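Remarks on the overall topology
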Amino acid sequence: RPVCAMDWQVLTRELSLYLESQVRVGLFGSGVGLSLVLGFGVAYACYYLSSIAKKPQLVASNDRFCRFLEEYCPVVTETYYPTIWCWEGRVQTLLRPFITSRPQVHYRNELIKTADGGQISLDWFDNNDSLYYPDASTRPTVLLLPGLTGTSKESYILHMIHQSETLGYRCVVFNNRGIAGEDLLTPRTYCAANTEDLEAVIHHVHSLHPSAPFMAAGVSMGGMLLLNYLGKTGRDTPLMAAAIFSAGWNVFESVESLEKPLNWLLFNYYLTTCLQSSISRHRQMLEKLFDMDLVMKARTVREFDKQFTSVMFGYRTIDDYYEDASPCRKLKSVGIPVLCLNSVDDVFSPGHAIPVETVKQNANVALVLTSCGGHIGFLEGIWPRKCTYMDRVFKQFVQAMFEHGNKILSM
C-alpha cells in the first residue's frame, strides 16, 4: 500500500534510534570509541605536561634579589599551568576580558590639575575598612597604571585592587588624560614616552600620604610608561618598588608583530579603532592642532601614531617616537627593585624582543618569563573566572615588598 506521511515519520524515528544504538554499541559498547577518547586524552595530557605546563624562567643578576623572590614571592618559581583548553597566546589574550570576573570596586574620583592647564582623573580605593592598616597615614599605597586605552574599570585592574584589599592596602588608578570620561582642557592626551603626567601623579599621591609605603604596578602600555619613568628618575623617586606586566619592550618589534595579517585582524585594527574612539569625543578640542579626518582614517596603530601621537609630542618622525617609547633603552638606569612578567607567546611583545641580556646588567631588575600566557592573559584553572597567574604574582610581590622589602632595598 502507499506509504503515508505518518508512516514516514515512524520509519524515520525508528531508523534514527537504530543508528544511534548501533553507534553506541559499535563504538563505546565495543570499547573502541572509549579507547580512542582515552588515548587522545592521555596523549594530550602528556603533551600539555611536557610542553605547555612549565616553570617560568627567572632572569636576574642579583642573587640576593633571586633569593628574596624565592622566599617571599614563590609563585615566580612554581610551574605555571595554563588553562588546559586555551593555553595559546592569542586565545588567552582574546578570552581574558570576557571570561574573567569583574570584582565590584567603589572608587572615589579626584581630578588634579597639571602645569599646562590640563587635568588628570584619579580613581581611589581608600580601603578605609582595612584591618591590617587602620591608620590611613601609614597604609601602604599601590599606584596602578592601565594599558593603552584602559581605565580603572578594566578587569585586570579590578582584580589587582581586590588582591590589595585583602592585604589591607590602598590603591589609586592613574587614568590617562581624556580616557575616563573627563574633559580635555588642552589639546593633549598621552603617550608611552612622555612621563610628565605620571610624575605629577606620583608627586601628588606621595604628598598626600608621605609616611605611607608607596609602590606602583603598570600593565601593557602602563608598564612601558612606568619603566620609562623609572629609567629617567633612577633612585630619585618616592616609589619603593614596581611591578610590570606584559610591557612592550621594543615598540618597533611590537608594531611589526601586530601588523602580521592574523594579528592585524585579531588585535591591531580593533586597537586602532579604540584609540580613535578615545579621542573622537574630544574632536572639537583636538581639531585646533590636528587633521582629525586624516587621523580617523588610520587602520593600524602605527598609522595612528604617525598622524597623531608622534605629532602631538613633537617628535620629528614616528621612528623617533618609537625609539624614545621603548623601555629597553632605559632599563639600565632603573634604580629601585622592579619585577617584570612577560609571556614569550605575547604578540604585543614578541619573545625575541624581550631584553633578557639587558636585565642581567641591572641588579635592581628581575624578569619572569612564562612559555604561555599571551598579553595580559595568564589564565589558569579549568574555568579561569577568578585569579590569574598574573594576579598571584602581583599579590605576592607587593606583599613581599611592603612587609619584607627592607631586606633588599639596601642592596
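Everything numeric in this text was worked out from a predicted model, so none of it was measured.

Quick notes on the rules
- Residues numbered from 1 in each chain as written.
- Predicted model: local features only at pLDDT ≥ 70, side-chain atom pairs only at ≥ 80, totals over all residues.
- Heavy atoms only, no water.
- Salt bridge = Lys/Arg side-chain N within 4 Å of Asp/Glu carboxyl O.
- Buried < 20%, exposed > 50% of the residue type's maximum accessible area, 1.4 Å probe, protein only.
- Helix = DSSP H or I, 4+ residues; strand = E, 2+ residues; numbered from the N terminus.
- UniProt positions renumbered as here; feature names shortened; annotations may be inferred.
- Contact = heavy atoms within 4.5 Å.
- Phe/Tyr/Trp six-rings, centres within 6.5 Å; stacked < 30°, edge-to-face > 60°.

Turning to the pattern of salt bridges, a few remarks are in order. Inspection of every chain in the model, using the stated rule, returns 18 salt bridges. Two residues, E88 and R90, come together in a salt bridge whose shortest N-O distance is 3.2 Å. Since its relative accessible area comes to 26%, R90 is described here as partly exposed. A salt bridge links R392 to E380, with the nearest nitrogen and oxygen atoms 2.8 Å apart. Taken together, the residues R392 in helix 15 (residues 389-404) and E380 in the loop between strand 9 (365-370) and helix 15 connect sequence positions 12 residues apart. Take R392: its relative accessible area is 25%, and that puts it in the partly exposed class. For E380, a relative accessible area of 13% gives the class buried. What you see here is one network of salt bridges that share partners, running through D116, R177, R188, E196 and D197.

Under the present numbering, the feature "active site" (unreviewed entry) in UniProt falls on S220, D346 and H375. In three dimensions, the annotated residues from a span of 156 residues occupy one location, with a maximal C-alpha spread of 10.9 Å. Mapped onto the elements, S220 comes out in the loop between strand 6 (214-219) and helix 7 (221-233). Once residues within four sequence positions are removed from consideration, S220 is found in contact with G147, F245, S246, A247, H375 and I376. With respect to the element layout, D346 can be found in the loop between strand 8 (338-343) and helix 14 (356-359).

Within this structure, the stated rule accounts for 16 aromatic pairs. Both rings, one in F267 and one in F348, keep their centres 5.4 Å apart while their planes meet at 65°; by these two values the pair is edge-to-face. Residue F267 is found in helix 9 (residues 261-280), and its partner F348 is found in the loop between strand 8 and helix 14; the two are separated by 81 residues along the sequence. The exposure class assigned to F267 is buried, which follows from its relative accessible area of 6%. Residue classification places F348 among the buried residues on the basis of a relative accessible area of 15%. An angle of 45° between the planes, with centres 5.2 Å apart, marks the rings of F304 and F308 as tilted.

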